[in-house]
Amino acid sequence: MDSSSNAPRKRKTPPFFNLLKVLRRKYPNLSCTEVAKLGGNIWRKMSSEEKLKYEKKARRGTNRRCRNR
């Protein structure tokens, strides 16, 4: 692995995708489309305080570097 400053950084995961990951685990029998629709409805109804949990999780991953494949 290259530890130089030119190594690519991992992109930030959008907070909404973190919610979808949780929903996929909770509802494994739903299709991807159904999970996305459910997630969209839940996300729209959430307050900013409830979304903060997923936003913090998204910020944590910003400084990680990609692995060379």
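Rules of the game
- Residues numbered from 1 in each chain as written.
- Predicted model: local features only at pLDDT ≥ 70, side-chain atom pairs only at ≥ 80, totals over all residues.
- Heavy atoms only, no water.
- Helix = DSSP H or I, 4+ residues; strand = E, 2+ residues; numbered from the N terminus.
- Buried < 20%, exposed > 50% of the residue type's maximum accessible area, 1.4 Å probe, protein only.
- Contact = heavy atoms within 4.5 Å.
- Areas by Shrake-Rupley, 256 points an atom, 1.4 Å probe, with all protein chains shown as cover.
- Lys, Arg positive; Asp, Glu negative; His and termini not counted.
- Salt bridge = Lys/Arg side-chain N within 4 Å of Asp/Glu carboxyl O.

Going by an unreviewed UniProt entry, the chain carries the name HMG box domain-containing protein and comes from Nezara viridula.

### Notes on the overall build of the chain
The helix and strand inventory of the chain stands at three helices and zero strands. If you list the helices and strands of the chain from N to C, you get α-α-α. Counting across all 69 residues of the chain, residues that qualify as buried make up 22%. The contacts of the chain with a sequence gap of at least 6 include a subset with a gap of at least 24, amounting to 65%. Looking at the chain as shown, the accessible area adds up to about 5,900 Å², and 49% of this sits on carbon and sulfur atoms.

### A short note on the side chain of K51
Turning to its location among the elements, K51 is positioned in helix α3 (residues 48–60). Notably, K51 is buried but unbridged: the nearest opposite-charge side chain belongs to E55, and the N-O separation is 6.4 Å. Other than its neighbours up to four places away in sequence, K51 contacts W43 and M46.

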